[in-house]
Amino acid sequence: MANQDQTTPAPAEKELAQAAPKAAAGASRVDRSSGFSASRVPTDANAAGKTTIADGVVAKVAGIAAREVAGVYALGGGGARAFGAIRDVINATDLAQGVKVEVGDTQAAADLTIVVEYPAPIQDVANNVRAAVAGAISRLVGLEVVEVNVEVNDVHVPGDDSDESEESRVS
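Because the structure is a prediction, the values reported are computed rather than measured. (Residues numbered from 1 in each chain as written. Predicted model: local features only at pLDDT ≥ 70, side-chain atom pairs only at ≥ 80, totals over all residues. Heavy atoms only, no water.)

Caption draft 1: How the structure looks around the environment of Thr113. Relative to the elements of secondary structure, Thr113 occurs in strand S3 (residues 107-117). By relative accessible area, which is 17% here, Thr113 ends up buried. With residues up to four places along the chain from it excluded, the contact list for Thr113 reads Ala74, Leu75, Gly76, Gly77, Gly98, Glu151 and Asn153. (Helix = DSSP H or I, 4+ residues; strand = E, 2+ residues; numbered from the N terminus. Buried < 20%, exposed > 50% of the residue type's maximum accessible area, 1.4 Å probe, protein only. Contact = heavy atoms within 4.5 Å.)

Shown next, in the form of structure tokens:
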């Protein structure tokens, strides 16, 4: 990249400086003409080519959508959650934990394993997860969702995590 001397503007810069009024302080330095399209969507929507979306991408979208549902405590079974806790400590969270997907050319199916927070109604949480995951995959990935299976593996009861403070009954 070529560097120009800041004190002597190039001839083109002199012409721009003379033709354009002085911009207010903090204004954008980029000249955006009125013909600029903010959407940057190509005008030829029928361009040739193929988009391939990896299964991991769909699984991650499903995992993020499921975690946003009220009443979902965690995703995955006991072993996956234990391994996920170790990943969380080293800042390597797996957003697709507890999610399995099958992706075809135009359709997708997802299987999720969740832990529900007590006292949330389990059936309502499962239905909300199903709707959120199907909506996210359809909207973000553009695939038709044929099914979303939700397995409730456990119920998290507040206070179950604080067992370290209790005395052991066995000596």
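Caption draft 2: Structural context of the packing of helix H2 (residues 55-67) against helix H4 (residues 122-141). Look at H2 against H4: their axes get within 8 Å of each other, and the N-to-C directions meet at 135 degrees. As the angle between them shows, H2 and H4 are arranged oblique. With respect to the hand of their crossing, H2 and H4 are arranged in right-handed fashion. Where H2 approaches H4, its residues Val58, Val61, Ala62, Ala65 and Ala66 are matched on the opposing element by Val129, Ala132, Val133, Ala136, Ile137, Leu140 and Val141. Taken together, the residues of the contact of H2 with H4 break down into twelve nonpolar, no polar and no charged. (Axes fitted to C-alpha atoms, helices over the stretch in contact; angles between N-to-C directions. Parallel < 35°, antiparallel > 145°, perpendicular 65-115°, else oblique. Left-handed = near helix turned anticlockwise from the far one by under 90°. Nonpolar A, V, L, I, M, F, W, Y, C, P; charged D, E, K, R; others polar.)

Caption draft 3: Summary view of the side chain of Gln97. Its place among the elements puts Gln97 in the loop between helix H3 (78-89) and strand S2 (99-103). We classify Gln97 as buried; its relative accessible area is 12%. A distance of 2.7 Å separates a polar side-chain atom of Gln97 from the backbone oxygen of Leu75. (Polar contact = N/O pair within 3.5 Å; in protein donor to acceptor, adjacent residues only side chain to side chain.)

Caption draft 4: Just the nonpolar core, in detail. Leu75, Val99, Leu112, Ile114, Val129, Val133 and Ile137 are the most contacted members of the largest nonpolar core, which has 27 residues in total. Taken together, the elements giving at least two residues each to this core come down to H2, strand S1 (72-75), S2, S3, H4 and strand S4 (144-156). Excluding residues that lie within four positions of it along the chain, Ile137 makes contacts with Val58, Val61, Ala62, Ala108, Ala110, Gly142, Leu143 and Val145. (Core = buried A, V, L, I, M, F, W, Y, C linked by side-chain atoms within 4.5 Å.)

Caption draft 5: Up close: unusual backbone geometry. Cis geometry is found at the peptide bond from Tyr118 to Pro119, where omega equals 10 degrees. Position of Pro119 relative to the elements: it lies in the loop between S3 and H4.

Caption draft 6: Main features of the pairing of S4. As defined by bridge partners, S3 adjoins S4 across eleven bridges and the pair is classed as parallel. Across the sheet, the residue bridging to Ala109 is Glu147, located in S4. (Pairing = 2+ DSSP bridges.)

Caption draft 7: View of H4. In this model, H4 (20 residues) spans 27 Å end to end at C-alpha, consistent with the 28 Å of a helix rising 1.5 Å per residue. Where H4 is concerned, the buried positions are Val125, Ala126, Val129, Val133, Ala136, Ile137 and Val141. Down the axis of H4, the smallest arc covering the buried residues is 100 degrees, so these residues share one side. Along H4, the residues that are exposed and aim more than 90 degrees away from the buried face are Gln123, Ala131 and Arg139. Those residues of H4 that are buried lie in contact with H2, S1, S3 and S4. Phi turns positive one or two residues past the end of H4, at Gly142, with a value near 85 degrees. (Expected span 1.5 Å × (residues − 1). Arc of directions from axis to C-beta.)

Caption draft 8: Broad picture of a negative patch on the surface. The grouping of Asp55, Glu102, Asp111, Glu147 and Glu151 at the surface amounts to a negative patch. Following the sequence through the fold, Asp111 ends up in strand S3. For Asp111, a relative accessible area of 34% translates into the label partly exposed. (Patch = residues over 30% accessible without salt bridge, like charges linked within 9 Å, V, L, I, M, F, W, Y side chains within 5 Å. Areas by Shrake-Rupley, 256 points an atom, 1.4 Å probe, with all protein chains shown as cover. Salt bridge = Lys/Arg side-chain N within 4 Å of Asp/Glu carboxyl O. Lys, Arg positive; Asp, Glu negative; His and termini not counted. Charge placed at Lys NZ, Arg CZ, Asp CG, Glu CD.)

Caption draft 9: Looking closely at the pairing of S3. Counted residue by residue, S3 has eight buried out of eleven residues, so it is predominantly covered. The sheet contact formed by S1 and S3 spans three bridges and is antiparallel. In the strand pairing of S3, Val72 is matched with Val116. Between the end of S2 and the start of S3, which pair antiparallel, lie three residues. The handedness of the S3 to S4 crossover, carried by H4, is right-handed. (Right-handed = clockwise from strand over helix to strand, strands pointing away.)

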